[in-house]
Amino acid sequence: MQLPTVASVDEAWTVALWSGCIAVAGQLVFVLLLRQSRNRAVASHAGLGAHQIVAFGYMVLAAIIGVNGWWLGGVEEPPHSKSRMLDTVGTSRWLAAVLGGELLFWDLPCGFIVYELRNWDSLLHHFCMLGVTYVVILLPNYYGLYYLGAIELSSIPLQLNDYCRLNHDAIRGTDAIPPLAKLNEWNNLLTAVAFVVVRLISFTHVTIFQCIPDTIHSIYALSHEHYIKMPGDFERQATLWFMLIFLFFFEGLQLFWGYMHGRSQIKLMRKAKEAKAAKEAEAEPLLPIGSPTRSKGGYRNLAD
């Protein structure tokens, strides 16, 4: 698969602008379409629904590019830590431009305009991700394929999960959509598995054992007295320091989200267990006093 690339910073700004315009146009089109729905739960949450549809498209695109580049060998891995951090990877810059454009012109504004999306951890994540995309546009290294692409594999099922979590009317009540509610039950499991495998296990392994050591080694190499100085070394070193700070922040955020997802799943399992017990209790027939009922030793009288 031929992966897209961006050769220069100036070209990246153009790609970012186009990406943002496409995302905004998609949001407007889907809002208009969803408001025509006969289902009140869908029509009244048209902004949220449109956001999740557009986000789903971007996450699929980023995951396809990232997985091909990082795991399937679409981009050859540089042999040394300094080359992994400092060598230019055009596909990483393309991912940064596409995601940075949609974050700046569409995702962040939606976080303030669409009331269901106004939560502090999501907005903080988006602001920091915008910073990451800016850093990768300036220093498009090999790890950009993972953090801006492959990692979004876990975000694909999350779009439906978030829609059902934020739009309760769509899965319960008089306006519920039965197929969506059933699909969400299976998607909850898929979201949890994807989050644990990709965001907790894989993300932590790549961050702690690969990217952070490579970043520290590259910072040391750029400042070491025996290293041959090149134009722009100070800027690259400063960029690497910003990247190191972002790495620690996002690792902490993944662990926080892991805790929140785990607590949410435990609550869901408890509610499901309670609902099942209540349903079984309702299904059990009520026998009048004096009626015989089955016991382990045979029939007995309820009046006894």
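Residues numbered from 1 in each chain as written. Predicted model: local features only at pLDDT ≥ 70, side-chain atom pairs only at ≥ 80, totals over all residues. Heavy atoms only, no water.

Visitor: Explain the packing of aromatic side chains to me, and be specific about the residues and the numbers.
Guide: One pass over the full model with this rule turns up 12 aromatic pairs. The interplanar angle of 85 degrees and the centroid separation of 5.2 Å between the aromatic rings of Tyr 146 and Tyr 147 together place this pair among those described as edge-to-face. With a relative accessible area of 0%, Tyr 146 lands in the buried category. Residue class for Tyr 147 comes out buried when judged on its relative accessible area of 14%. Where Tyr 147 meets Phe 203, the ring centres are 5.4 Å apart and the plane angle is 80 degrees; that geometry is what we call edge-to-face. Here Tyr 147, found in helix α7 (residues 144-147), pairs with Phe 203, found in helix α9 (residues 178-223); they are 56 residues apart in sequence, far enough to count as distant. (Phe/Tyr/Trp six-rings, centres within 6.5 Å; stacked < 30°, edge-to-face > 60°. Buried < 20%, exposed > 50% of the residue type's maximum accessible area, 1.4 Å probe, protein only. Helix = DSSP H or I, 4+ residues; strand = E, 2+ residues; numbered from the N terminus.)

Visitor: If you had to explain the environment of Val 132 to someone new, which residues and values would you point to?
Guide: In this structure, Val 132 sits in helix α6 (residues 120-138). For Val 132, a relative accessible area of 13% corresponds to the buried category. Distance in space between the C-alpha atoms of Val 132 and Asp 107 is 15 Å, their sequence separation being 25 residues. Among residues more than four places away in sequence, those in contact with Val 132 are Leu 148, Phe 246 and Phe 250. (Contact = heavy atoms within 4.5 Å.)

Visitor: So what about the pattern of salt bridges? Which residues, and what values?
Guide: In the structure shown here, the tally under the stated rule is six salt bridges. Note that Glu 152 is salt-bridged to Arg 199, the shortest N-O span being 3.4 Å. Here Glu 152, found in the loop between α7 and α8 (155-166), pairs with Arg 199, found in helix α9; they are 47 residues apart in sequence, far enough to count as distant. The same class applies to Glu 152 as to Arg 199, namely buried. (Salt bridge = Lys/Arg side-chain N within 4 Å of Asp/Glu carboxyl O.)

Visitor: Which residues make up a nonpolar patch on the surface, and what values go with them?
Guide: Together, Trp 186, Leu 189, Val 193, Val 196, Val 197 and Ile 201 line one region of the surface with nonpolar side chains, adding up to about 610 Å² of accessible area. The topology assignment puts Val 197 in helix α9. Classification of Val 197 as partly exposed rests on a relative accessible area of 44%. (Patch = residues over 30% accessible without salt bridge, like charges linked within 9 Å, V, L, I, M, F, W, Y side chains within 5 Å. Areas by Shrake-Rupley, 256 points an atom, 1.4 Å probe, with all protein chains shown as cover.)

Visitor: Pulling in residues and values, what's your account of the layout of surface pockets?
Guide: Considering only enclosed or pocket space, the second largest pocket measures out at about 330 Å³ in volume. Forming the boundary of the second largest pocket are 19 residues, of which Gln 27, Val 31, Gly 47, Ile 113 and Val 114 lie nearest the centre. Examining the composition of the lining of the second largest pocket, we find that five residues originate from one element, helix α5 (residues 90-113), more than from any other. The class makeup of the residues in the lining of the second largest pocket is 13 nonpolar, four polar and two charged. (1 Å grid on protein atoms, 1.4 Å probe; cavity = no way out; pocket = protein on both sides within 12 Å on 5 of 7 lines; lining within 4 Å. Points joined across faces, edges and corners; volume = space filled by probe spheres on them. Nonpolar A, V, L, I, M, F, W, Y, C, P; charged D, E, K, R; others polar.)

Visitor: An account of the nonpolar core is needed here, citing residue identities and associated values.
Guide: Among the nonpolar cores identified, the biggest contains 72 residues, and Trp 70, Tyr 146, Tyr 147, Leu 148 and Phe 250 are the most heavily contacted of them. Counting residues per element, this core draws most heavily on helix α3 (residues 46-70), at 11 residues. Those residues within four positions of Leu 148 in sequence are excluded, and the remaining contacts are Ala 62, Ser 92, Leu 95, Ala 96, Leu 99, Met 129, Val 132, Thr 133 and Val 136. (Core = buried A, V, L, I, M, F, W, Y, C linked by side-chain atoms within 4.5 Å.)

Visitor: Run through α6, naming residues and quoting values.
Guide: Residues lying three or four places apart along an α-helix face the same way, a consequence of the helix completing one turn every 3.6 residues. Over its 19 residues, α6 extends 28 Å from the first C-alpha to the last, a length consistent with the 27 Å expected when each residue adds 1.5 Å. All of the buried residues in α6 are Asp 121, Leu 123, His 125, His 126, Cys 128, Met 129, Gly 131, Val 132, Thr 133, Val 135, Val 136 and Ile 137. (Expected span 1.5 Å × (residues − 1).)

Visitor: Let's hear about empty space enclosed by the protein: which residues, and what values?
Guide: Evaluated as defined, the whole model comprises one cavity of 30 Å³ or more. In this structure, the largest cavity occupies an estimated 30 Å³ of space. It is α5 that provides the largest number of residues to the lining of the largest cavity, a total of four residues. Among the residues forming the lining of the largest cavity, the class breakdown is seven nonpolar, no polar and no charged.

Visitor: Run through the packing of α6 against helix α10 (residues 233-283), naming residues and quoting values.
Guide: Packed helices, taken two at a time, are described by the angle their axes make and the gap between the axes. At a minimum axis distance of 11 Å, the contact between α6 and α10 shows a crossing angle of 150 degrees. Between α6 and α10, the interaxial angle falls into the category roughly antiparallel. Of the two elements, α6 crosses α10, and the hand of that crossing is left-handed. Along the contact surface, α6 presents Trp 120, Asp 121, Leu 124, His 125, Cys 128, Met 129, Gly 131, Val 132 and Val 135, while α10 presents Thr 239, Phe 242, Met 243, Phe 246, Phe 249, Phe 250, Leu 253, Phe 256 and Trp 257. In terms of residue class, the contact of α6 with α10 is built from 14 nonpolar, three polar and one charged. (Axes fitted to C-alpha atoms, helices over the stretch in contact; angles between N-to-C directions. Parallel < 35°, antiparallel > 145°, perpendicular 65-115°, else oblique. Left-handed = near helix turned anticlockwise from the far one by under 90°.)

From the geometry alone we can't say anything about function, so treat these as descriptive.
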